[in-house]
Protein chains: 2
Amino acid sequence: MSRSNPALALSAKARRTGEQPISFLMAAAADPKFINFAAGLVDPLTLPVEEVGRIAQTIFSSDARARAALQYDTTLGLARLRSAALTHLEKLENKSAADFGVSEREILISTGSQQALYLIGDVLIDPGDIVIAANPCYFVYTGTLASLGATVMPVPMTSDGIDVSAIEKLLCRLEREDRLGRVKLIYTTSYFQNPTGLTLSAEARPRLLALVRRFSRSRRIMILEDAAYRELRYDGPELPSIKSFERENRHTILTHTFSKPFAPGLKTGYTAMPPDLLEAVLHQKGNHDFGSASLTQHIAAEALDGGLYDQHVRLLCESYRRKRDAMLDALQRYVPASAGASWTHPSGGLYVWLTLPDDADTSRSSRLFQACVEQGVLYVPGDYSFQPVQGPGGQAGFVPKNHLRLSFGRVAPEQIEPGIQRLAQAIAAGAAERKGDVVPMNAHP
Amino acid sequence: MSRSNPALALSAKARRTGEQPISFLMAAAADPKFINFAAGLVDPLTLPVEEVGRIAQTIFSSDARARAALQYDTTLGLARLRSAALTHLEKLENKSAADFGVSEREILISTGSQQALYLIGDVLIDPGDIVIAANPCYFVYTGTLASLGATVMPVPMTSDGIDVSAIEKLLCRLEREDRLGRVKLIYTTSYFQNPTGLTLSAEARPRLLALVRRFSRSRRIMILEDAAYRELRYDGPELPSIKSFERENRHTILTHTFSKPFAPGLKTGYTAMPPDLLEAVLHQKGNHDFGSASLTQHIAAEALDGGLYDQHVRLLCESYRRKRDAMLDALQRYVPASAGASWTHPSGGLYVWLTLPDDADTSRSSRLFQACVEQGVLYVPGDYSFQPVQGPGGQAGFVPKNHLRLSFGRVAPEQIEPGIQRLAQAIAAGAAERKGDVVPMNAHP
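Attention in this report is confined to the structure presented alongside it. (Residues numbered from 1 in each chain as written. Chains lettered and ligands numbered in written order. Predicted model: local features only at pLDDT ≥ 70, side-chain atom pairs only at ≥ 80, totals over all residues.)

**Overview of the packing of helix α8 (residues 164–176) of chain A against helix α9 (residues 204–215) of chain A**
Residues and elements named next belong to chain A. At a minimum axis distance of 10 Å, the contact between α8 and α9 shows a crossing angle of 5°. Classed by the angle they form, the pair α8 and α9 counts as roughly parallel. Seen from α8, the contacting residues are Val164, Ile167, Glu168, Leu171 and Glu175; seen from α9, they are Ala204, Arg207, Leu208, Leu211 and Phe215. Within the contact of α8 with α9, the residues separate by chemical class into 7 nonpolar, no polar and 3 charged. (Axes fitted to C-alpha atoms, helices over the stretch in contact; angles between N-to-C directions. Helix = DSSP H or I, 4+ residues; strand = E, 2+ residues; numbered from the N terminus. Parallel < 35°, antiparallel > 145°, perpendicular 65-115°, else oblique. Contact = placed C-beta atoms within 7 Å. Nonpolar A, V, L, I, M, F, W, Y, C, P; charged D, E, K, R; others polar.)

**Section: the relation of the copies chain A and chain B**
Least-squares fitting of chain A to chain B yields an RMSD of 0.0 Å, with the transformation described by 0.0 Å of translation along the axis and a rotation of 180°. Within this description, the copies of the chain are treated as partners about a two-fold rotation axis. Rotation axis and chain A: the residue whose C-alpha lies nearest the axis is Ala56 of chain A, separated from it by 3.4 Å. Taken as a fraction of all interface residues of chain A, those also at the interface in chain B reach 100%, which identifies the copy contact as same-surface. (Least-squares fit on C-alpha atoms with pLDDT ≥ 70 in both.)

**Let's talk about unusual backbone geometry**
Residue Pro136 of chain A is reached from Asn135 of chain A by a cis peptide bond, and omega for that bond is 5°. Inspection of the secondary structure puts Pro136 of chain A in the loop between β3 (130–135) and α7 (139–147). Of the consecutive residues Asn194 of chain B and Pro195 of chain B, the connecting peptide bond is found in the cis state with omega at 20°. Inspection of the secondary structure assignment puts Pro195 of chain B in the loop between β6 (183–188) and α9 (204–215). Despite not being glycine, Asn249 of chain A has its phi angle at roughly 50°, a positive value. Relative to the assigned elements, Asn249 of chain A resides in the loop between β7 (222–226) and β8 (252–257). Overall, Asn249 of chain A belongs to the buried group, with 22 C-beta atoms counted inside 10 Å. (Buried ≥ 20, exposed ≤ 12 C-beta atoms within 10 Å, placed from the backbone.)

**Considering the interface of chain A and chain B**
Taken together, the contact pairs 75 residues of chain A with 75 residues of chain B. Of all the secondary structure elements, the ones that give two or more residues to the side of chain A that touches chain B are α1 (12–16), α3 (49–60), α4 (63–70), α6 (112–124), α7, α9, α10 (275–288) and α11 (294–305) of chain A. In terms of residue count, the dominant contributor to the side of chain A that touches chain B is α10 of chain A (8 residues). Here the side of chain A that touches chain B is built from residues that sort into 33 nonpolar, 26 polar and 16 charged.

Given below as structure tokens:
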């Protein structure tokens, strides 16, 4: 028998698929010495332990329900959950489902909303197809798109969300270049975006829909609206989804998840989409797993129907609002004006996006990142969230390196102030260094 | 605004992906008037309702465990479950894990074993790559392989499982044709195969391993061993897996699931595989869902560790053994010798494979299938499980149509005898018709 170990011949897709870029942060995050503003995770203290315990008891005290929860369900997902999700969606949109053309049959249950995002990419994208996304953007999904072979074309992020006028210009250019047929998706996290915390304005929503209608010539362009953070809203208006403007259910996909507003451990998401897309996604999901875990779907349905979900979201929002305020207060207090820093003031979600002067460097190999590690505080370097663009001097492949993503999601409330203090110290030292000053710093010999 | 509805431009893969062929049976299966030998589902009466109820109580009575179960876990899966699965595997193989080169780090937790099968295909197969599989074979996976663009090359199924000598001949031929580099996988359900109920013999297992070692020249050929039914063993010897013969963990992948031996609703599977393959699969799963539901993994770990799993498997095996015996007894009693039928006598699993004379037709459009529907009994036409081959007369694209897959999985024990009685009546009528006799039949005017 041969003892040789000939090479594993991976598929083209596997060769395009790398490790998620921030896995190095995952390892550091397990170390309790760090105050962790890097993890985009939900707060362990606010997980619905008591609620899900009670729901499990309810399910297992009925023989018939328990049997259903332990048996396979359909690939589309538990009918009761799809129905409860639709009712919940009507409440969020303040509109009848008929007015946005969605029935229970157009809702897919998936293993978190990530699986829905993946499946939608999988059924729409051939290598070379185009997806338009904000810059910066949720980097796990742009990584997924790249592994599917998509060309991700970035447009700027503005304080009003993804720049709709820039999308229009880009579509005009692609039309002139005869590449409009390759545009499959416009991806947008329309509420409290990861990483910026910014929200697509009310006015931009129907405008974006009008754009995809106008530019869907021979091929349909879809809007993929990722609403993962929608219900983590702490102030500001309750905005309708882009989908809610479309009575025909043709161009818009709306993904929601139970992970952020309830419990990631259920790994359950629900997505409303046009029926022809859903059919293709459903066939694909049949091959992937022929249906997500049934037990967790029963738990999610019971949480929605029994009112525990709404109750928990209210609690969560109170808790996160306090943590957001603590972070914004501490930034205001501790980051010196001399640092030239600015940051977003998100009305919801888990992220504050901090911008330093153009010549600052926040990347993994930067002195700032090292100084923070030494001080025991973690952030996500902003450059992971960017697609390369043309730089300010006209150079190609430019990636801004002067941003930090700060999450108040997982960190304990009492750690926010000391964490921001440490970060501010490192930022101040970096600013002084760039100006040629010398500032003494505790753990930065 | 335009009211037109331009076509959705699906990916090449989506265009290769159709509906699962037997979804028409799913709809019929919901109708209680049918005695359902078609569904390959587990018995609802033997689901571990009490056990999982107790486990849920255990988990939710500890705040720390409940919090972990409701939070994200890693993409690889819950460490405690991977450890428990490895210990369980050692027990099944009656061997230390070091002797088959697997540590907890080489075990992936997936959304059922189907997701592992999918991911493995996804990272190995480019369109045109070759997978060798038995004929007949588990049709959901051959459908998945086809959607990935694989060329599925069938070899016969024998009473000793997939025909290893035929694989050798095929590999020799592919080598002569300079196509050996395209062979990625040999797929085999090595225990109580779906659809035949047959098992790969003890002697064939190391032979198959030796074959892939020998033919892995510049590219490695892998054996994908699907052991979904392994623990549903009613009599006959306890066979070691193919993986257990390989100390190096290079060529063998072994998938197990909690769905068949415990509860499908947990949708949890575990797969041991070589580390370089696992790395690629893990990156891919990072994009698919970055980890399966955490709560159901905690439940599965508690079931394994607490002994409830083993206890339940014993109960299940007793229950299925009785149902298998009832089916074999009824076939013996009611199918007349004149029908020229034969069937397998499986030592485990959920399926009996019934073979009629070559000129019989059991397909969906056949008179036999119609007669059975009219009599209120369902089976899976055997032709769904076949890849086309060269026919007995030398014709290409031949698919045998004289088989039926009968499952005793989901059907109630007391329905087995009347169900087989109805089926036997339809078979007898069909046999008489083929011989030109006229036999009166109740619901077949």
